[in-house]
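# Observations on the three-dimensional arrangement
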Amino acid sequence: MTNCSAAGAMKRGHGWIAYYRRVHDAENRVLRDGRHDIIFATEAEALKAANSEFLKYLNSPITGISSMGGSKKSVAEGGREAFPRRRQDCRC
């Protein structure tokens, strides 16, 4: 099994369970109601729920990642620009 994003459904003895997989987890996250798996009557219902949860995860806000290496305030106080301008004497 490769480490990739996915969403799907798996047949269980008495119905279908839904799952989604995040790239950095390397394991399936089964949709649960507390401690118990949610059992769906049909594969289509399970797939719809799995895709919905996966899209909810993808559309969630990103936290803890900073490409700037500091806050806007610290950049402004330091006199540096967040996005440096091209030099005026450059002919490219």
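Residues numbered from 1 in each chain as written. Predicted model: local features only at pLDDT ≥ 70, side-chain atom pairs only at ≥ 80, totals over all residues. Heavy atoms only, no water.

## Some words on the overall build of the protein chain
Short version of the rule: Segments assigned H or I by DSSP are reported as helices when at least four residues long, segments assigned E as strands when at least two residues long, and all are numbered from the N terminus. We call a residue buried when its accessible area falls under 20% of the maximum for its residue type, exposed when it is over 50%, and partly exposed in between, using a 1.4 Å probe and counting protein chains only. Should any heavy atoms of two residues lie within 4.5 Å, those residues are counted as being in contact. In these tables, accessible area is a Shrake-Rupley quantity obtained with a 1.4 Å probe, and a residue counts as shielded only by the protein chains included in the view.
Helix and strand counts for the protein chain come out as two helices and five strands. Mapped in sequence order, the helices and strands of the protein chain form the string β-β-β-β-β-α-α. Residues classed as buried in the protein chain amount to 18% of the 92 residues present. Here the contacts in the protein chain between residues at least 6 apart in sequence split such that 32% fall between residues at least 24 apart. Carbon and sulfur atoms form 52% of the exposed surface of the protein chain, whose accessible area is close to 7,700 Å².

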